Structure formats: C-alpha cells, structure tokens
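Results of the structural survey
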Amino acid sequence: MFQKVKIAPSILSADFNNLGNALQDIKQAGADWAHVDVMDGHFVPNLTLGVPFVASASKRGVLPLDVHLMIDNPLVELPWFLAYKPHMVSVHIEALQNAAEAQKAAQLIHDAGSLASIAVNPETPIEQIYPTLDCWDMVLVMSVHPGFSGQSYIDGSDKKVAALVKHINSVRCEQRASSQTQTNKAAFLGRTPSTPLIEVDGGMNTETEALVCTAGADVIVSGSTIFKANNMTQVISDLRQIGNQSHAD
Ligand code: DX5
Ligand code: ZN
C-alpha cells in the first residue's frame, strides 16, 4: 500500500550507550528514516550528536538519515556533514541571514547529492521561507522549541502547516497558469520545482499527529513517544496508520 506519511524516529531519545542497536531497532520496528538531531550548544542550549555519528551511521547504511542541523553556522559546517551524503539535511532559517544564504545552503546540499530541507522554529512566521520555497525538498515545521526531546506539542503548529499547504497550492496554481514562469524557475534551479514534503518535529503522539497530518504533514518525527514505548513496532504502526488516515490529500 502507498504510504502517504513517513515516520522518522528521533534517536535523541535512544539510549546513547546503544546507538548502533537503536538504528537497527527502529528499522525493524518499521521506521522510514532515522532523524538525527545535531545541536551545537549555541543555536540551541544543548549539545548532542555531530559529524562522527553521521559518518558512522551513514557507513552502516541501516536507514536513510534525516539530519536536523540546529547549528549557528550552517554554511561553514554543512560540508562536514555532506561528505557522508545523508539522505535529507535540514538547516534552520533562523541561522541564515537572508535569501541568498538560504539559496546557497540549498545549493551546497544539492551539489552533494542530498535532499535539502528548511526548518522553521515555532516563533518564526512561516512566510519567511516563501521567497526561497522552490529551493527546498522539504519544510521542517518545529512544533516544540528546539533543544530537547520530551516537550509538549505547541498548540497551533497545525495551523502553520495548513498555512504552508495553502501557500504551496496557490503558488502551484499560478505556476501552472504560466508555463513561462515554470521554465524560468527550472532554468534557475537546474531542476523542475516540485512540491516540498512537510515534516513536523516535536511532541508528536497519535493525537497531535492527527492534527498536523490533517493539515497536510507528510513526515512525522517522534522521539520520546517511540523510544519510551514497550512495543516500538506497535507505536510506529499506530503513528503510520493514524497519519495515513488523517493526511489531507
Ligand atoms: C528537538 C528535536 C526533536 C526531538 C523530538 O529539538 O529536534 O527531534 O528530539 O523529540 P520528542 O518527539 O520527544 O518531542
Ligand atoms: Zn529534530
């Protein structure tokens, strides 16, 4: 069956004495991607995993890596991670000074052969990503303040997803009406612009997931809900089922 919603367990909630096994465990439990939270102690008040983990997890190749960079200097540090060709790499809009820097980050990621995602903090208006939307394969909407797992979902995050979906649909309608715009964009990007996936990260359980998937989320990141469960396979299966049922087509 075609799965509309992907499940990406965040290994920030795993037992750090056992990270290799955690990757195997989530794969066996049915995860689509492994979400890797990289924090630098500056962009967020926490230090977690970095380049050595991405290097070794990438070498093992257990699951596609969904690397979430919560770092101050993405343009400087991106190449360190990109050397290991993660599947998806998210950079934060708050860590980029302007649209030119955002475009440069997306270009670096694409040139390395990875998919590019832009992450948006809860207090950042979603409109900030609109000028560079065509650069990104995914938009990561934070539904908690970044830095720690185990926080509660921030009410209204689903409204942000809904606003983004509405904007994407209106832009696509306009572009379809003007094939010249499509051609110009494709020439600029060096690829045909596509509709970005929407990922939601933080405080996800079957209830909060239903809200964001109804609004149009395609990828659900979940740390504590999955790793605290007695039966990880069951939780991932429940998240997938509720997500698919709720997803706005
Ligand atoms: C927070 C991280 C999240 C976090 C999710 O900064 O980006 O990925 O680990 O954990 P839960 O699902 O427990 O909120
Ligand atoms: Zn994350």
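The following refers to the structure shown. A quick note: this is a predicted structure, and the numbers were derived from the prediction, not measured. (Residues numbered from 1 in each chain as written. Chains lettered and ligands numbered in written order. Predicted model: local features only at pLDDT ≥ 70, side-chain atom pairs only at ≥ 80, totals over all residues. Heavy atoms only, no water.)

A separate point is the site of ligand 1. Taken together, 20 residues surround ligand 1, and among them Asp-37, Gly-147, Asp-201, Gly-223 and Ser-224 come closest. In this structure, Asp-37 approaches ligand 1 through a side-chain N or O atom, which is 2.8 Å from an oxygen atom. Asp-201 is positioned with one of its side-chain polar atoms (N or O) 2.7 Å from an oxygen atom of ligand 1. Alone, ligand 1 offers 380 Å² of accessible surface; in the complex the protein occludes 100% of this. Of all the secondary structure elements, the ones that give two or more residues to the shell around ligand 1 are β2 (34-39), β3 (65-70) and β8 (219-222). With 3 residues, the top contributor of residues to the shell around ligand 1 is β2. When its residues are assigned to classes, the shell around ligand 1 shows 7 nonpolar, 11 polar and 2 charged. (Near = heavy atom within 4 Å. Polar contact = N/O pair within 3.5 Å; in protein donor to acceptor, adjacent residues only side chain to side chain. Areas by Shrake-Rupley, 256 points an atom, 1.4 Å probe, with all protein chains shown as cover. Helix = DSSP H or I, 4+ residues; strand = E, 2+ residues; numbered from the N terminus. Nonpolar A, V, L, I, M, F, W, Y, C, P; charged D, E, K, R; others polar.)

By the element assignment, Ala-215 lies in helix α7 (residues 206-215). Looking at Ala-215, the relative accessible area reads 14%, which means it is buried. Separated by 183 residues in the primary sequence, Ala-215 and Asp-32 place their C-alpha atoms 21 Å from one another. (Buried < 20%, exposed > 50% of the residue type's maximum accessible area, 1.4 Å probe, protein only.)

In this section: the coordination of the zinc ion (ligand 2). Distances from the zinc ion (ligand 2) to its protein donors, His-35 (NE2), Asp-37 (OD), His-68 (ND1) and Asp-201 (OD), fall at 2.0 to 2.3 Å. Taken together, the 6 donor atoms coordinating the zinc ion (ligand 2) span angles of 68 to 169 degrees at the metal, a pattern that classifies the geometry as octahedral. Each donor residue of the zinc ion (ligand 2) lies on one chain, and together they are spaced H-x1-D-x30-H-x132-D. Placement of His-35 in strand β2 and of His-68 in strand β3 is noted, with a sequence separation of 33 residues between them. Judged by relative accessible area, which is 0%, His-35 ranks as buried. (Donors = N, O, S within 2.8 Å, 3.2 Å for Na, K, Ca; no water. Tetrahedral: all angles 85-135°; square planar, octahedral: opposite > 155°, others 65-115°.)

What follows concerns unusual backbone geometry. A positive phi angle, close to 50 degrees, is found at Lys-85, a residue other than glycine. Examined against the element boundaries, Lys-85 turns out to sit in the loop between α3 (74-82) and β4 (88-92). For Lys-85, a relative accessible area of 58% puts it in the exposed group.

This part takes up the pattern of salt bridges. Summed over the entire model, instances satisfying the criterion amount to 2 salt bridges. A salt bridge links Arg-240 to Asp-32, with the nearest nitrogen and oxygen atoms 2.8 Å apart. Pair noted here: Arg-240 is in helix α9 (residues 232-246) and Asp-32 is in the loop between α1 (19-28) and β2, with a separation of 208 residues, a long-range link. The class of Arg-240 is buried, set by a relative accessible area of 14%. On the accessibility criterion, Asp-32 (21% relative accessible area) is partly exposed. (Salt bridge = Lys/Arg side-chain N within 4 Å of Asp/Glu carboxyl O.)

This paragraph deals with the nonpolar core. Grouped together as the largest cluster of nonpolar side chains are 64 residues, with contacts concentrated most on Ile-11 and Ile-129. Apart from the residues lying within four places of it in its own chain, the contact partners of Ile-129 are Ile-93, Ile-118, Val-120, Val-139 and Leu-164. (Core = buried A, V, L, I, M, F, W, Y, C linked by side-chain atoms within 4.5 Å. Contact = heavy atoms within 4.5 Å.)

Right, let's get into the packing of helix α5 (residues 157-177) against α7. Between two packed helices, what matters for the description is the angle formed by their axes and the separation of those axes. For the pair α5 and α7, the least separation of the axes is 8 Å and the interaxial angle reads 15 degrees. Judged by the angle between their axes, α5 and α7 are roughly parallel. The hand of the α5/α7 crossing is right-handed. Note on element contacts: α7 touches α5 through Leu-211, Val-212 and Ala-215, opposite Asp-158, Val-161, Ala-162 and Val-165. Looking at the contact of α5 with α7 residue by residue, the classes come out as 6 nonpolar, no polar and 1 charged. (Axes fitted to C-alpha atoms, helices over the stretch in contact; angles between N-to-C directions. Parallel < 35°, antiparallel > 145°, perpendicular 65-115°, else oblique. Left-handed = near helix turned anticlockwise from the far one by under 90°.)

Here the focus is the pairing of β4. Among the 5 residues that make up β4, 5 are buried, leaving the element largely enclosed by the rest of the structure. Neither face of β4 is open: one carries Met-88, Ser-90 and His-92, the other Val-89 and Val-91, and all of them are buried. The pairing of β3 with β4 spans 4 bridges and is classified as parallel. When the bridges of β4 are listed, Asp-66 appears paired with Met-88. Between the parallel elements β3 and β4, the chain passes through α3 in a crossover that is right-handed. Considered for its hand, the β-α-β crossover made up of β4, helix α4 (residues 99-111) and strand β5 (residues 115-120) is right-handed. (Pairing = 2+ DSSP bridges. Right-handed = clockwise from strand over helix to strand, strands pointing away.)

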